[in-house]
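Next come the chains, spelled out residue by residue.
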Amino acid sequence: MKNNKKLIALIVVIVAALIGLVAFIMSDSGESTTTMTPTGQMVNFSGADLREEKDGKLIWALSAEKIEYDPKTKAVVMTNLKGTYNQNNVVTQLTAPHGTLTGNHKSLDLDGGVNASNSDGDTFTSDAIHVDNNKQELQSKGAFIYKGKNTIITGDKVTANVALQQLKVEGNAKLTKCE
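Figured I'd write up the structure that's included with this text. A quick note: this is a predicted structure, and the numbers were derived from the prediction, not measured. (Residues numbered from 1 in each chain as written. Predicted model: local features only at pLDDT ≥ 70, side-chain atom pairs only at ≥ 80, totals over all residues. Heavy atoms only, no water.)

Section: the pairing of strand S3 (residues 49-54)
Okay, step 1: Pairing of S3 with strand S4 (residues 57-69) involves 6 bridges; the strand directions are antiparallel. Bridge pairing links Asp49 to Ser63 in S4.
Okay, step 2: The turn linking S3 back onto S4 is made up of 2 residues, and Asp55 within it adopts a positive phi angle of 55 degrees. (Pairing = 2+ DSSP bridges. Helix = DSSP H or I, 4+ residues; strand = E, 2+ residues; numbered from the N terminus.)

Following this line, the structure appears as structure tokens:
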């Protein structure tokens, strides 16, 4: 009988610790998780988002179909993610099949084919990008295609602000005017 009480108490403590861990991870968004399952060393959950706000204004937000949190590295691995960035009154939407957010939320690496579009109607595609959340800029890890209202820009690598308004192209840069 005493062993059952100890086992129940241990289970309650483990569940409370996991709930506290997920609440800590999600403290930026104020969202709660709908499902969580500890598997090995990773914590899996869905139905949540991560966000940063400054002075009541959304800076960036990320949501994903599946999120895995590594308690050791504090990295957050996302599957089928969607991101929103606000900069200079321009909203940019990003999608990617896979992404990894560092534990301090300062950088995000997206791969598997990244697509972005902003509220000005510009689009951007690349196989993989790195987003610096502090500098509010993205950098392609390879070739990219940017389509603006009257231009198409391609190259080997680009660094741009998250609003896709300022681009610095490196290697085989090509600008095509469209009408």
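Notes on the environment of Gln41
Okay, step 1: Here Gln41 shows up in the loop between strand S1 (35-39) and strand S2 (42-46).
Okay, step 2: Note on Gln41: relative accessible area 54%, which makes it exposed.
Okay, step 3: Residues Gln41 and Tyr69, 28 residues apart in the sequence, show an inter-C-alpha distance of 8.9 Å.
Okay, step 4: Ignoring sequence-local partners within four residues, the contact set of Gln41 consists of Tyr69, Asp70, Pro71 and Lys72. (Buried < 20%, exposed > 50% of the residue type's maximum accessible area, 1.4 Å probe, protein only. Contact = heavy atoms within 4.5 Å.)

A closer look at the packing of aromatic side chains
Okay, step 1: As enumerated under the stated definition, the model contains 1 aromatic pair in all.
Okay, step 2: Aromatic pair Phe124 and Phe144: ring centres 6.0 Å apart, planes at 20 degrees, arrangement stacked. Here Phe144 lies in strand S10 (residues 144-147) and Phe124 lies in strand S8 (residues 123-132), a separation of 20 residues in the sequence. Accessibility assignment for this pair places Phe124 and Phe144 in one class, buried. (Phe/Tyr/Trp six-rings, centres within 6.5 Å; stacked < 30°, edge-to-face > 60°.)

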